[in-house]
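Residue-level structure breakdown
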Amino acid sequence: MSEQQDELIQRVVEELRRPVALDSSLDERVMARIRNEPVRLPEPRRWLLRPFTLRLSPLGALAAAAGFAALVAATTLAVVRSGWLAGVPGSAGATPGVAAVPFVLYAPDAHSVSVVGDFNDWDAAATPLKPAGPSGTWVVTVPLAPGRYRYAFVIDGTRWVPDPGAPLAPADDFGTPNSVLTVGS
Amino acid sequence: MSKLFTNRWARLISSGFYAGVAALLFCFCSWKIAAAQQDPRLERVDPQARPAVVAIIDSAVAAGLPAEPLIDRALEGTSKKAPAPLIVAAVRRLAGDLGKARKLLGPGARAAELIAAADALRWGTPSQVLLRIQRELGNRGLAVPLGLTADLAARGVPPDTAAAMVIAAARRVTDADLLALQRELERSIALGAEPVAASAAILVEVAAPGTGLSGEPTMTGGPARRKP
């Protein structure tokens with residue numbers, strides 16, 4: 001009886017030790033089954049922390065790369081066009097050929113004087129002149145690149161006057177004459 | 001069958017999602033590029049004048065004309081609180097002047113040359129005079145000579161005299177010297193000299209050897225103002 005049991009156990013052990021021959025397509029079938037499993041929405045926190053694999057076709061990758069390049073170009077262009085870089089210390093002063101141009105006006109009765117022109121986008125608040133002592137002379141120095149500029153002085157925020165010592169600009173389109181200034185390179 | 005149906009929809013939705021993201025990205029970039037092409041300073045222009053001004057500028061740029069002087073003119077009108085029709089008319093007129101200058105000087109003319117030529121034309125300088133300047137000084141930059149011609153015309157110097165003076169001077173001296181010459185002329189006029197006589201005197205000085213114009217000053221108009 002005991003010998004019969006031992007023989008049985010021995011056969012069972014041999015059977016268990018025999019290598020199992022797996023179907024070569026088993027892996028593919030298992031992975032296909034997993035892929036075809038319906039997607040279960042994970043919990044938000046796990047979803048945020050779980051790494052994922054982004055798969056793109058070559059065309060999709062090209063489109064994404066082109067989009068990214070366009071985004072960078074558009075942002076750079078917008079920053080440059082906005083003039084933001086002009087406010088960065090050293091960026092304007094470092095421009096070669098820029099000359100420091102003094103603007104001077106004698107206006108003893110004025111309370112405020114500013115110079116307004118092509119060089120400051122006609123912004124009356126951009127370039128105020130400062131009184132140079134009690135003589136009634138107002139002065140400011142503006143860094144200007146080579147070019148031809150139209151400008152005028154604004155006295156007390158309301159009165160536009162051309163520079164009495166500079167040539168008049170043509171085309172007095174708005175009823176108040178301007179002066180013209182040429183800065184050489 | 002149900003799983004197959006679900007998986008196909010999942011793939012379709014996934015593909016649609018990526019396509020949507022790409023389309024949104026493309027639209028965003030296109031919008032940003034289009035927005036960047038319109039100068040942000042135009043937002044300051046009178047809202048009633050802005051559409052027409054933008055249209056004029058777009059047409060001018062498409063024709064190869066510089067946008068900067070047109071933007072400046074619109075900003076000038078806005079700053080001076082001019083009515084919208086006046087702003088539009090001024091910008092349109094300047095675009096026309098720049099177009100005439102471009103036609104006159106050719107497609108190779110730089111923006112500064114077009115601006116100076118437009119000024120000269122606006123002061124009544126005949127086209128032939130500008131063409132003469134270009135013919136005589138063609139191998140050098142014309143922005144300063146043309147600007148000086150315009151400024152002389154503004155002072156009442158006859159165009160032919162102004163052109164002769166500028167050509168004679170520009171053949172001998174640099175742009176910096178021309179600007180020094182103009183500054184000297186402005187000083188003489190401010191001291192009471194008659195513009196034509198002062199121009200002639202300076203022309204003689206430039207034509208003579210040892211002119212003394214060294215080129216150290218590089219600007220005219222702004223500096224060394226006198227009391228009015």
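Residues numbered from 1 in each chain as written. Chains lettered and ligands numbered in written order. Predicted model: local features only at pLDDT ≥ 70, side-chain atom pairs only at ≥ 80, totals over all residues.

1. What about the overall build of chain A?
Helices and strands together make up the secondary structure of chain A, namely 4 helices and 7 strands. Starting at the N terminus and ending at the C terminus, chain A contains elements arranged as α-α-α-α-β-β-β-β-β-β-β. Taken over 185 residues, chain A has a buried fraction of 22%. Restricting the contact set of chain A to residue pairs at least 6 apart, pairs at least 24 apart contribute 57%. (Helix = DSSP H or I, 4+ residues; strand = E, 2+ residues; numbered from the N terminus. Buried ≥ 20, exposed ≤ 12 C-beta atoms within 10 Å, placed from the backbone. Contact = placed C-beta atoms within 7 Å.)

2. Description of the nonpolar core
Residues and elements named next belong to chain B. Counting 83 residues, the largest nonpolar core has Val-53, Leu-70, Ala-74, Val-91, Ala-117, Ala-120 and Leu-146 as its most contacted members. It is helix α4 (residues 84-105) that provides the largest number of residues to this core, a total of 9 residues. Residues in contact with Leu-146, not counting those within four places in the same chain, are Glu-113, Ala-116, Ala-117, Ala-120, Leu-130 and Ile-133. (Core = buried A, V, L, I, M, F, W, Y, C linked by C-beta atoms within 7 Å.)

3. Here's the deal with the packing of helix α6 (residues 127-136) of chain B against helix α8 (residues 159-172) of chain B
Residues and elements named next belong to chain B. Between α6 and α8, whose axes approach to 10 Å, the crossing angle comes to 10 degrees. The angle between α6 and α8 places the two elements in the roughly parallel class. Between α6, through Val-129, Arg-132, Ile-133 and Glu-136, and α8, the contact on the second element is made entirely by Pro-159, Asp-160, Ala-163, Val-166 and Ile-167. Here the residues of the contact of α6 with α8 sort into 6 nonpolar, no polar and 3 charged. (Axes fitted to C-alpha atoms, helices over the stretch in contact; angles between N-to-C directions. Parallel < 35°, antiparallel > 145°, perpendicular 65-115°, else oblique. Nonpolar A, V, L, I, M, F, W, Y, C, P; charged D, E, K, R; others polar.)

4. Comments concerning the pairing of strand β7 (residues 179-183) of chain A
Residues and elements named next belong to chain A. The buried count for β7 comes to 5 of 5 residues, which makes it a mostly enclosed element. Here 5 bridges tie strand β5 (residues 147-155) to β7, and the two strands are oriented antiparallel to one another. Its bridge partner lying in β7, Tyr-151 is registered against Ser-179. (Pairing = 2+ DSSP bridges.)

5. Focus on the sheet that holds strand β1 (residues 99-106) of chain A
Residue and element names in this part refer to chain A. Spatially, 3 strands are ordered β1-β4-β3 in an open sheet, and the strand pairing comes out antiparallel. Since the sheet does not close on itself, it has two edges, and those belong to β1 and β3 (130-131), each with one partner. As paired strands, β1 and strand β4 (residues 137-144) are joined by 8 bridges and run antiparallel to one another. Counted as the bridge partner of Phe-103 is Val-140 from β4.

6. Here we look at the confidence of the model for chain B
All names here are of chain B. Per-residue confidence for chain B averages 80 on the pLDDT scale, and 79% of its residues sit at or above 70. The model gives residues 211-228 a pLDDT under 50, and that stretch makes 55 contacts with residues more than four places away or in other chains. In the model output, the complex is listed with pTM 0.64 alongside ipTM 0.71. (pLDDT = per-residue confidence, 0-100.)

7. Some thoughts on the environment of Pro159(B)
All names here are of chain B. Structurally, the position occupied by Pro-159 is in helix α8. Of the residues examined, Pro-159 has 20 C-beta atoms within 10 Å and is grouped as buried. For the pair Pro-159 and Leu-130, spaced 29 residues apart in the sequence, the C-alpha separation amounts to 9.2 Å. For Pro-159, the residues in contact, after removing those within four places along its chain, are Gly-124, Thr-125, Pro-126, Val-129 and Ala-153.

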